[in-house]
Structures are given as C-alpha cells and as structure tokens.
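Next come the chains, spelled out residue by residue.
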Amino acid sequence: MENGNETEVKRTRKKRFFLSGTNYLREISVVVLGVAITLLAGAWINNHQAKKQLRGYLSAVKMEMQYNLALLEDHQPFYDRMESFATYLVSHPREDLEADSVEHHSLYRPHNSVINDFFTLAVETSAYDMLKSSGAMNNIKDLDFLQSIMKCYNDLAVQKKNSDEYMDRKLDLLYRCVVENQLLFTEFDLLDPRMSELFYFMATSHFLHKTNQNCILNLENTLEIFRRKKIN
C-alpha cells in the first residue's frame, strides 16, 4: 500500500513540475513575443520616420536645385557673349582689328559688358549639405538617382570656382591696365599696347560657356527624376 502511495505522490510531483514548467514557458513566450512585437513596431516607426525625413531633405534639395538652375540660366547669356567675344578676337588678326578700330567695330560694342560686368556666381548648397551631414543620404536606395544629385553639386562647385576665378583675374587685369595707367573705363581701347595682357586674357576665356550649359542640362535631367519620383 505504501508503494502505491509513493507512486501516486511521485506522479503528482511530476505533474506539478510539468504544469509549472509549461506555465513558465508560456509566460516566457508571451514576454518574448511582446518584446518582438515592440521591436518590430519600433523598427517600422523608425523606418517610416527615416523615409519621411529623407523625403523632407530631398524636397529641400529639389527646391535648391531649381534655384540654381534659374541662376545658371540667368547667367548663360553673359557666358554666351564671353565665348562669342573670345571667338571674335581669336578669329581676327590683331593688325586687322587695328586697321578697322576695334573700338568702333560693329561686333565689338555689344561685347563691352563682357569686360565691364562683374558678379559672383551665388550657387546655393545648404540643403545638399544638410542631406549629407544628416546621414539621410545613406537611405537613398536608387544609386543612379544619388549619383545624379552628387554630380550636379560637384559640377556646380566647379562652375562657381572657375567663374569666380575668372572674375577675380579680369578685375585684377582691369585694375592694372586701366587704373595704373590712369585710363577711363569709357575711353580705353583694348588694342592699346598697355591693354595687351587683358586682350589675350579675353581672347582665351571661353570655357565657361560650355560648362554652364552642361550644368544646366544635368540639373534639368536630375529634376526630371525628382518629378518621376513625385518628390514635391
């Protein structure tokens, strides 16, 4: 009889142990599931916020690129005249210009602004800089789109550098040729021997015309990608 009781006690203990273990595992499973759901929900929220943040940065970059496009288009006529003037000076031997008087030549006067006009190419990059510094750029999965944006801003930086250096060099030559020789801007003659350095500088300055056109084309193509992606 005692053996029967001992056996029953052992069965009861095993049953209690099994039930307690099952309940423990069930409780652990509920906790693990809850943590997993929380982590997944947090990841979804973070991913959603990252996408929303990236779209905000890209929207700002788009507006900035539209501004830079309008800026380059505004300056393209100057670069066109600059290229035309350089071509004109190179295609006419200096002795022919002297015989015809470059000051009164029908093709010369429209180019006066190429010599007298000065400006700084004020491109904007703040939105692009924020996109880079925020780390949001790493979330752009379309690498062709990313490379297109980067190329636009790299080209803008080169165009600004070259344009500003051209203006600085031209101003320096004008100062040396005009101010140091006590000439008036309204009276100086580009064929004056004292203006020879400026003459040759103007005759060889024509590269900004083409590079500005390339910048405009790249901006237009990239903005078309923005439009297709419906980034407002």
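Residues numbered from 1 in each chain as written. Predicted model: local features only at pLDDT ≥ 70, side-chain atom pairs only at ≥ 80, totals over all residues. Heavy atoms only, no water.

Let's shift gears to the overall build of the protein chain. Along the backbone of the protein chain there are seven helices and zero strands. Order of helices (α) and strands (β) in the protein chain, N terminus to C terminus: α-α-α-α-α-α-α. The long-range fraction of contacts in the protein chain, counting pairs at least 24 apart against all pairs at least 6 apart in sequence, stands at 85%. Within the structure as shown, the protein chain displays about 14,700 Å² of accessible surface, and the carbon and sulfur contribution to it stands at 57%. (Helix = DSSP H or I, 4+ residues; strand = E, 2+ residues; numbered from the N terminus. Contact = heavy atoms within 4.5 Å. Areas by Shrake-Rupley, 256 points an atom, 1.4 Å probe, with all protein chains shown as cover.)

Summary statistics for the protein chain give a mean pLDDT of 78 and a share of 69% for residues scoring 70 or more. Least confident of the elements in the protein chain is helix 2 (residues 94-100), whose mean pLDDT is 61; most confident is helix 7 (residues 207-228), at 95. Predicted confidence is poor over residues 41-45, with pLDDT under 50, and the contacts of this stretch with residues over four places away or in other chains come to zero contacts. (pLDDT = per-residue confidence, 0-100.)

Once that is clear, we can look at the packing of aromatic side chains. Taken as a whole and judged by the stated rule, the model has eight aromatic pairs. Summarising the aromatic geometry, the rings of Phe-145 and Phe-226 are spaced 5.0 Å apart at their centres and angled 75° between planes, so their arrangement reads as edge-to-face. Of this pair, Phe-145 sits in helix 5 (residues 143-179) while Phe-226 sits in helix 7, and the two are 81 residues apart along the sequence. Side by side, Phe-145 and Phe-226 carry an identical accessibility label, which is buried. Centre to centre, the rings of Phe-199 and Tyr-200 are 5.4 Å apart; their planes meet at 85°, and the pair counts as edge-to-face. Over the face of the ring belonging to Phe-118 we find Lys-170, whose NZ or CZ atom lies 4.7 Å from the ring centre. (Phe/Tyr/Trp six-rings, centres within 6.5 Å; stacked < 30°, edge-to-face > 60°. Buried < 20%, exposed > 50% of the residue type's maximum accessible area, 1.4 Å probe, protein only. Lys NZ or Arg CZ within 6 Å of the ring centre and 35° of its normal.)

If you look at soluble globular proteins, the nonpolar side chains tend to sit buried side by side. In this structure, Leu-58, Tyr-166, Leu-198, Met-202 and Phe-226 are the most contacted members of the largest nonpolar core, which totals 53 residues. Mapped onto this core, the elements with two or more residues apiece are helix 1 (2-91), helix 3 (112-116), helix 4 (126-134), helix 5, helix 6 (196-204) and helix 7. Counting residues per element, this core draws most heavily on helix 1, at 14 residues. With residues near it in sequence (within four places) discarded, Leu-58 still touches Leu-131, Ile-140, Phe-145, Ile-149, Phe-226 and Ile-231. (Core = buried A, V, L, I, M, F, W, Y, C linked by side-chain atoms within 4.5 Å.)

Quick look at helix 5 now. Taking 1.5 Å per residue as the helical rise, helix 5 with its 37 residues ought to reach 54 Å, and the 53 Å between its terminal C-alpha atoms agrees with that figure. Between a side-chain oxygen at the N-terminus of helix 5 and the backbone nitrogen of Asp-144 the separation is 3.2 Å; the capping residue is Asp-142. (Expected span 1.5 Å × (residues − 1). Polar contact = N/O pair within 3.5 Å; in protein donor to acceptor, adjacent residues only side chain to side chain.)

This part is about the side chain of Glu-64. Mapping Glu-64 onto the fold places it in helix 1. It is Lys-132 that comes nearest to the buried, bridge-free Glu-64 among opposite-charge side chains, at 9.6 Å. When residues no more than four places from it in sequence are discounted, the contact partners of Glu-64 are Glu-124, Thr-125, Ser-126, Ala-127, Tyr-128 and Tyr-153. (Lys, Arg positive; Asp, Glu negative; His and termini not counted. Salt bridge = Lys/Arg side-chain N within 4 Å of Asp/Glu carboxyl O.)

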